[in-house]
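These are the residues of each chain, in order.
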Amino acid sequence: MKVLSVVGARPQFVKEFALGRALGDDHEEVLLHTGQHYDAELSAVFFDELGIPEPDYQLGVGSDTHGRQTAECVVGVEEAIESESPDCVLVYGDTNSTLGAAVAASKSAPELVHVESGLRSYDREMPEEVNRVLTDHAADVLFAPSERAAETLREEGIPDERVHVVGDVQYDAILAAREHARSVSTVLDDIGLSPGEFVLATVHRPRNTDDPERLTAILDALASADSEVVVPVHPRTEDRLRGYGHWEEYAERLRLVDPVGYLDFVRLLDAAARVATDSGGVQKEAFFLDTFCLTLREETEWVETVECGWNALVGADPDRIATGLAAPTPGGSKPSLYGDGTAATRIVDVLEARLTPDEVDPNPIRDR
Ligand code: UD1
Ligand code: UDP
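Residues numbered from 1 in each chain as written. Chains lettered and ligands numbered in written order. Predicted model: local features only at pLDDT ≥ 70, side-chain atom pairs only at ≥ 80, totals over all residues. Heavy atoms only, no water.

- With an unreviewed UniProt entry as reference, the chain is termed UDP-N-acetylglucosamine 2-epimerase (Non-hydrolyzing), source organism Halosimplex litoreum.

Shown next, in the form of structure tokens:
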């Protein structure tokens, strides 16, 4: 089986890591990096730490408007499909790289495969919501992390035979990284943090960063936490904070640091007393690592984490953020929400069964 795997933004490198391992040497994986993320700390560090091979294609699309960024992905992925003739194109999650690859593959590849299907925030203002709905509806094979995600796809009229519930590939990645991060990461010492005695925070959604009132409400609420708050700052957020003239103020009140590599991030999340985030992936990873999560949004795609009490939707509301920071860590047993850490292997099994032709019996019918 020959697979063209398309990545472009930070969370997709983590998802591809899980898939690449499961594909192993039995299959050919051609790796295409759209270049949506290009800074070393958002891209190269993941390849280095996770041992992801050098991409076969680098489109270099960079930062641009949604239309131009997506369009460049469409053109570049189409060209790669023409050159490589893969059996399928694998796309991950919900970024502009995902959508661009989906548009190209739905027209020119034998199969478009979407990893992380069926997630919905029902907020059409989020670019990711548009990307994931369009990608799901264009895909030939859809891998859902949970039964609920599969049910959502059914409700939207996607035929059952296209949908497979396999669990979440980021769980596979966390299981591979957690212990390793504990032994190799020096991030706690580097920043001067003690396990269980700090809050980790990430903010990068335009809804939060592009509205100065929301952004300052969130950061003010975090700054009033009893413990230290460390914030690996996404470039979009740094750009906005500097633009609003608030960078210096928050650099004094919070530990603003550059984005960290995956192993350091897993270590921080594992050791944090709490995490506050508007990230999709970090909400899940917090659940996997037993860290209570405050989600800095009004809604989430990962509803199961809220229902079981490990995630609280606090928006940009200072009171809800303060309450969440002070709340006790949930007790009792945790449900298994997103599979058993073998999502990537299951995906490869499904694709193998679908795409690898059965051996043809060489004997003529009358000799059988
Ligand atoms: C993108 C995804 C989002 C995902 C996030 C993961 C879309 C629409 N958004 O958001 O779903 O959660 O990646 O982190 O696809 N920039 C740099 N260096 C880089 C990359 C970006 O400085 O290497 C800056 C640029 O100013 C750019 C801004 O960050 O304009 C936003 O980058 P972009 O890739 O457009 O969106 P993200 O916010 O990263
Ligand atoms: N991450 C990281 N370093 C950071 C912040 C996040 O390695 O400084 C990882 C995190 O562990 C997760 C992924 O990046 O695997 C999430 O990316 P992000 O929050 O940017 O995107 P989203 O999941 O919201 O699309």
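### Points about the site of ligand 2
Here's step 1: For ligand 2, the set of nearby residues contains 17 residues, the closest of which are R10, R205, V260, S279 and E285.
Here's step 2: A distance of 2.7 Å is found between a nitrogen atom of ligand 2 and a backbone nitrogen or oxygen belonging to V260.
Here's step 3: A distance of 2.8 Å separates an oxygen atom of ligand 2 from a polar backbone atom of G281.
Here's step 4: Protein chains shield 96% of the accessible area of ligand 2, which is 540 Å² for the free molecule.
Here's step 5: If you list the elements that add at least two residues to the shell around ligand 2, you get α1 (10-23), α13 (262-271) and α14 (280-288).
Here's step 6: Grouping the amino acids of the shell around ligand 2 by side-chain chemistry returns 8 nonpolar, 6 polar and 3 charged.
Here's step 7: Viewed by domain, the shell around ligand 2 spans two of them, domain 1 (2-168 + 339-359) and domain 2 (186-326), each represented by three or more residues. (Near = heavy atom within 4 Å. Polar contact = N/O pair within 3.5 Å; in protein donor to acceptor, adjacent residues only side chain to side chain. Areas by Shrake-Rupley, 256 points an atom, 1.4 Å probe, with all protein chains shown as cover. Helix = DSSP H or I, 4+ residues; strand = E, 2+ residues; numbered from the N terminus. Nonpolar A, V, L, I, M, F, W, Y, C, P; charged D, E, K, R; others polar. Domains from an automatic or database assignment.)

### Brief notes about the packing of helix α10 (residues 212-223) against helix α16 (residues 318-326)
Here's step 1: Following both chains from N to C, one finds α10 and α16 inclined at 35°, their axes separated by 9 Å at the closest point. Where α10 crosses over α16, the handedness of that crossing is right-handed. Residue-level inspection shows I218, A221 and L222 of α10 in contact with α16, the latter providing P318, I321 and L325. (Axes fitted to C-alpha atoms, helices over the stretch in contact; angles between N-to-C directions. Left-handed = near helix turned anticlockwise from the far one by under 90°. Contact = heavy atoms within 4.5 Å.)

### Let's talk about the site of ligand 1
Here's step 1: In the neighbourhood of ligand 1, 20 residues make up the surrounding shell, with H37, Y38, D39, N96 and E128 lying closest.
Here's step 2: Side-chain polar atom of E128 to an oxygen atom of ligand 1: 2.6 Å apart, as the coordinates give it.
Here's step 3: Taking H234, its side chain carries an N or O atom lying 2.9 Å from an oxygen atom of ligand 1.
Here's step 4: Protein contacts shield 85% of the accessible area of ligand 1, which totals 740 Å² for the unbound molecule.
Here's step 5: Mapped onto the shell around ligand 1, the elements with two or more residues apiece are α1, α3 (66-84), α5 (127-138) and α11 (235-243).
Here's step 6: Two domains each provide a minimum of three residues to the shell around ligand 1, namely domain 1 (2-168 + 339-359) and domain 2 (186-326).

### Some details on the domain arrangement of the chain
Here's step 1: Annotation of the chain at the domain level lists domain 1 (2-168 + 339-359) and domain 2 (186-326).
Here's step 2: With centres defined by C-alpha atoms, the gap from domain 1 to domain 2 works out at 27 Å.
Here's step 3: On the domain 2 side, the residues contacting the 22 residues of domain 1 number 19 residues.
Here's step 4: Summed over both sides, the interface of domain 1 with domain 2 buries roughly 1700 Å², with 58% coming from carbon and sulfur.
Here's step 5: Looking only at domain 1, the three residues that lose the most surface to domain 2 are E41, E49 and R148, adding up to 26% of its buried area. (Buried area = accessible area lost by both parts, 1.4 Å probe.)

### Description of the side chain of T300
Here's step 1: As for its position among the elements, T300 is in the loop between β12 (293-295) and α15 (303-307).
Here's step 2: Taking the relative accessible area as the measure of exposure, T300 reaches 6% and is therefore buried.
Here's step 3: Here the side chain of T300 touches Q283 through a polar contact of 2.7 Å, side chain to side chain.
Here's step 4: Engagement of the side chain of T300 in a polar contact is seen with the backbone nitrogen of W302, the distance being 2.9 Å.
Here's step 5: Residue contacts for T300: discarding those within four places in its chain leaves R120, Q283, V306 and L313. (Buried < 20%, exposed > 50% of the residue type's maximum accessible area, 1.4 Å probe, protein only.)

### Digging into the environment of G339
Here's step 1: Mapped onto the elements, G339 comes out in the loop between α16 and α17 (343-355).
Here's step 2: In sequence terms G339 and D168 are 171 residues apart; their C-alpha atoms lie 6.3 Å from each other.
Here's step 3: Excluding residues within four positions of it along the chain, G339 makes contact with G167 and Y171.

### Focus: the pairing of strand β5 (residues 112-115)
Consecutive side chains along a regular strand alternate between the two faces of the sheet.
Here's step 1: Every second residue of β5 is oriented toward a common face, with L112 and H114 on one face and V113 and V115 on the other, all of them buried.
Here's step 2: Pairing analysis gives 4 bridges linking strand β4 (residues 88-92) to β5, with the strands arranged parallel. Each bridged residue has a counterpart across the sheet, and for V91 the counterpart in β5 is H114.
Here's step 3: What joins β4 to β5 is helix α4 (residues 96-108), and the crossover it makes is right-handed.
Here's step 4: Strand direction decides the pairing type here: β5 and strand β6 (residues 141-144), joined by 3 bridges, are parallel. Opposite V115, over in β6, you have F143 as the bridge partner.
Here's step 5: A crossover links β5 with its parallel partner β6, the connecting element being α5, and its sense is right-handed. (Pairing = 2+ DSSP bridges. Right-handed = clockwise from strand over helix to strand, strands pointing away.)

### What about the packing of aromatic side chains?
Here's step 1: In the structure shown here, the tally under the stated rule is 6 aromatic pairs.
Here's step 2: Centre to centre, the rings of F13 and F46 are 6.0 Å apart; their planes meet at 50°, and the pair counts as tilted. Of the two residues, F13 sits in helix α1 while F46 sits in helix α2 (residues 44-50), which places them 33 residues apart along the sequence.
Here's step 3: Aromatic side chains W302 and Y338 sit 5.3 Å apart centroid to centroid with 90° between the ring planes, which places their arrangement in the edge-to-face category. Separated by 36 residues along the polypeptide, W302 in the loop between β12 and α15 and Y338 in the loop between α16 and α17 bring together distant segments of the chain. In terms of burial, W302 and Y338 fall into one category: buried.
Here's step 4: Here the aromatic cluster, defined as three or more aromatic residues joined through ring pairs, consists of Y171, F287, F288, W302 and Y338.
Here's step 5: When the ring centre of F287 is taken as reference, the NZ or CZ atom of K334 above it lies at 4.1 Å. (Phe/Tyr/Trp six-rings, centres within 6.5 Å; stacked < 30°, edge-to-face > 60°. Lys NZ or Arg CZ within 6 Å of the ring centre and 35° of its normal.)

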